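# Examination of the molecular architecture
The lines below spell out each chain.
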Amino acid sequence: MENPVNFHIRVIGHQWAVDLLKQQAATGRVPQALLLAGPLSVGKSTVARFLAQYLNCQANERPCGGCVSCRKVVSGNHPDIRIWDHDDEAIKIDQVRELQRELALSPYEGKYRVVLLCNFERATPSAANALLKTLEEPNPQVVLILTATDPGALLATIVSRCQVLTLRPIPTQEVRAALQVHWQASPAEAELLAQLASGRLCWAVRALASENILERREQFLQDLLTLLGMNRVDRLAYAYELSRDPGLVKEILRSWLTIWRDLLLLQSGSQTTVLNLDWQETLQNLANQSNIGQTQEMVVRLRTALTNLEHNVNPRLNLETVLLRMPTVQ
Ligand SMILES: [Zn+2]
């Protein structure tokens, strides 16, 4: 999410968190363990990377966005900063131990070693327990940052040792403005992506950079329309095909959830704008052909399926459950 021209990590919409962290650093109270909580792609790791840049910047006015350290943070090759951010791979005990060996050393060239472990609720239990040791005996030149969408899924003993900051979704108009001003989106792109993002700017930025995300979204809607007219056998065949790619299952379920939520809005006569603005007409047709009770059930089912996926329930089984309960609309 950085602007490559001036090497600043750009944080948008979480100014209170940035101000708090700067103030703590200025008064010598840098948190040794920080837990950034909040929805997926809301900007947690951006705030973390900002702090890493701020703490290690060599200029008086921090972060300067120009010194060697600031540049290295942005390009991802600062030797004192370690980031674990894999969508589908949980951190394991061996990797935690390796980090611990590094953390025992003084920073190579910066003022602080910063370790960022994203989505720590996915860590294996043994990895989480191993990390506790680091939290119990903190090295003053180390800042450990965890992110989690659901802090309730972390060990209570970990949470209690962290300063917890909870980031909220950013207002839609702020996402829209940021996309136009900082990421050169056209007004139409910014409008649509800001609606779809539900306050998760990082999602919108990724979607803007990857044409595929919007193409796939179009395909997911088409698939849904087709599936509504299909029988059980064809629906199961679809689930089988798709479930070979678990990442795709998650993406498609999220996309369908926005559609069923929109249908719920339309069927309940709500004046709120639908998320999928560009499909309003198709959605209205669909809303006229199904009933609100079925729609409510689908919203619940899709939410459950997404939660199940987070807890490693078989993607195919999950998808089948959703598809078999989906109403038939011709
Ligand atoms: Zn700097």
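One can find the structure itself at the top, above this paragraph.
Residues numbered from 1 in each chain as written. Predicted model: local features only at pLDDT ≥ 70, side-chain atom pairs only at ≥ 80, totals over all residues. Heavy atoms only, no water.

## Thoughts on the packing of helix α4 (residues 93–103) against helix α5 (residues 125–136)
What counts, and what does not: Axes, fitted as lines to C-alpha atoms, cover a helix only where it is in contact. Angles between the N-to-C directions of the axes lie from 0 to 180 degrees. Only DSSP runs of H or I reaching four residues or more are called helices, and only runs of E reaching two or more are called strands; each is numbered from the N terminus. Any angle that falls under 35 degrees is termed roughly parallel, while one over 145 is termed roughly antiparallel, one within 65 to 115 roughly perpendicular, and all others oblique. For a crossing to be left-handed, the near helix must be turned anticlockwise from the far one by less than a right angle; the clockwise case is right-handed. Contacts between residues were defined by any pair of non-hydrogen atoms, one from each residue, lying within 4.5 Å.
Two elements in contact, α4 and α5, have axes whose closest approach is 8 Å; the angle formed by their N-to-C orientations is 15 degrees. One way to sum up the angle between α4 and α5 is to call them roughly parallel. Helix-helix and strand crossings are classified by hand; for α4 and α5 the assignment is right-handed. On α5, the residues that touch Ile93, Val96, Gln100 and Leu103 of α4 are Ser126, Ala127, Ala130, Leu131, Lys133 and Thr134.

## Topic: the side chain of glutamine 24
Our working rule: Relative accessible area decides the class of each residue, using a 1.4 Å probe on protein chains only: under 20% of the type maximum gives buried, over 50% gives exposed, and in between gives partly exposed.
When you line up the elements, glutamine 24 lands in helix α1 (residues 15–26). Accessibility expressed as a relative area gives 9% for glutamine 24, which makes it buried. The residues touching glutamine 24, leaving out its near neighbours within four places in the chain, are Arg29, Val30, Pro31 and Gln163.

## Remarks on the sheet that holds strand β1 (residues 33–37)
Put simply, the test is: At least two bridges found by DSSP between two strands are what make those strands a pair.
Taken in spatial order, the five strands of this open sheet run β2-β3-β4-β1-β5, and their pairing is parallel. Taken across any chain shown, the strands that pair with only one partner, and hence form the sheet edges, are β2 (81–84) and β5 (163–166). Mean inter-strand twist for the sheet, computed between neighbouring axes without regard to direction, equals 15 degrees. Direction of pairing for strand β3 (residues 113–117) relative to strand β4 (residues 142–148): parallel, over a ladder of five bridges. Residue pairing in the sheet places arginine 113 in a bridge with valine 142 of β4. Relative to the sheet, α1 contacts β1 and β5, its axis offset from that of β5 by approximately 155 degrees. Contacting β1, β2, β3 and β4, helix α2 (residues 44–56) crosses the sheet at an angle of about 170 degrees to β4.

## Side note on the packing of aromatic side chains
We count it as follows: Two aromatic rings, drawn from Phe, Tyr or Trp (for Trp, its six-membered ring), form a pair once their centres lie within 6.5 Å of each other, and the interplanar angle then sorts them: stacked below 30 degrees, edge-to-face above 60, tilted otherwise. A ring is considered to have a charge above it if a Lys NZ or an Arg CZ atom is located within 6 Å of its centre and within 35 degrees of its normal.
Counted under the stated rule, the structure contains two aromatic pairs. Judged by centre distance (6.4 Å) and plane angle (25 degrees), the rings of tyrosine 238 and tryptophan 256 are stacked. Of this pair, tyrosine 238 sits in helix α11 (residues 232–242) while tryptophan 256 sits in helix α12 (residues 246–267), and the two are 18 residues apart along the sequence. Pair check on accessibility: tyrosine 238 and tryptophan 256 agree, each one buried. For the cation-ring pair, arginine 62 lies above tyrosine 54, with the distance from its terminal atom to the ring centre recorded as 4.4 Å.

## What about the coordination of the zinc ion?
Note the threshold: Keep in mind that water is not among the atoms, so a site may look incomplete; donors are the N, O and S atoms within 2.8 Å of the metal, or 3.2 Å for Na, K and Ca. Donor angles set the geometry label: tetrahedral for four donors if every angle is between 85 and 135 degrees, square planar for four and octahedral for six if opposite donors exceed 155 degrees and the others are between 65 and 115, irregular for anything else.
On the protein side, the zinc ion has Cys57 (SG), Cys64 (SG), Cys67 (SG) and Cys70 (SG) as donor atoms, found 2.3 Å from it. Note that the zinc ion binds four donor atoms; their angles at the metal cover 104 to 117 degrees, and the shape is tetrahedral. Between consecutive donors of the zinc ion, the numbers of intervening residues give the motif C-x6-C-x2-C-x2-C. Within this pair, whereas cysteine 57 is found in the loop between α2 and α3 (68–75), its partner cysteine 70 is found in helix α3, the two being separated by 13 residues in sequence. Each member of the pair cysteine 57 and cysteine 70 is classed as buried.

## A few points about unusual backbone geometry
Note that the residue after arginine 62, namely proline 63, is joined by a cis bond; omega there is -15 degrees. When you line up the elements, proline 63 lands in the loop between α2 and α3. Here glutamine 184, not a glycine, exhibits a phi torsion of approximately 55 degrees, which is positive. In this structure, glutamine 184 sits in the loop between α7 (172–183) and α8 (187–197).

## Side note on the environment of histidine 8
Here is the rule we go by: Between N or O atoms, a polar contact is any pair within 3.5 Å; within protein, one atom must be a potential hydrogen donor and the other a potential acceptor, and residues adjacent in sequence are included only when both atoms are from side chains.
Among the structural elements, histidine 8 can be located in the segment before α1. You can call histidine 8 partly exposed: its relative accessible area is 28%. Counting along the chain gives 42 residues from histidine 8 to phenylalanine 50, while the straight-line C-alpha distance between them is 8.1 Å. Side-chain polar atoms of histidine 8 contact the backbone oxygen of proline 63, separated by 3.0 Å.

## Here's the deal with the pattern of salt bridges
Heads up, the condition is: One side-chain nitrogen of Lys or Arg within 4 Å of one carboxyl oxygen of Asp or Glu is enough to make a salt bridge.
For the coordinates displayed, the defined rule picks out 11 salt bridges. Of the charged contacts, one joins arginine 301 and glutamate 297 as a salt bridge, the two residues approaching to 3.3 Å between their closest N and O atoms. With arginine 301 and glutamate 297 both in helix α14 (residues 292–310) and four residues apart, this pair spans about one turn of that helix. Among the charged side chains, a salt-bridge network with shared partners connects Arg82, Glu102 and Arg113.

## Comments concerning the pairing of β3
Side-chain positions along a regular strand alternate between the two faces of the sheet. The line we're drawing: By convention, a crossover is right-handed whenever its connection, traced from the first strand over the helix to the second and viewed with the strands pointing away, goes clockwise.
Burial analysis of β3 places five of its five residues in the buried class, the great majority of the element. Of the two faces of β3, the one carrying Arg113, Val115 and Leu117 and the one carrying Val114 and Leu116 are both buried. Of the crossover connections in this fold, the one passing from β2 over α4 to the parallel β3 is right-handed. One crossover worth recording links β3 to the parallel β4 by way of α5, and it is right-handed.

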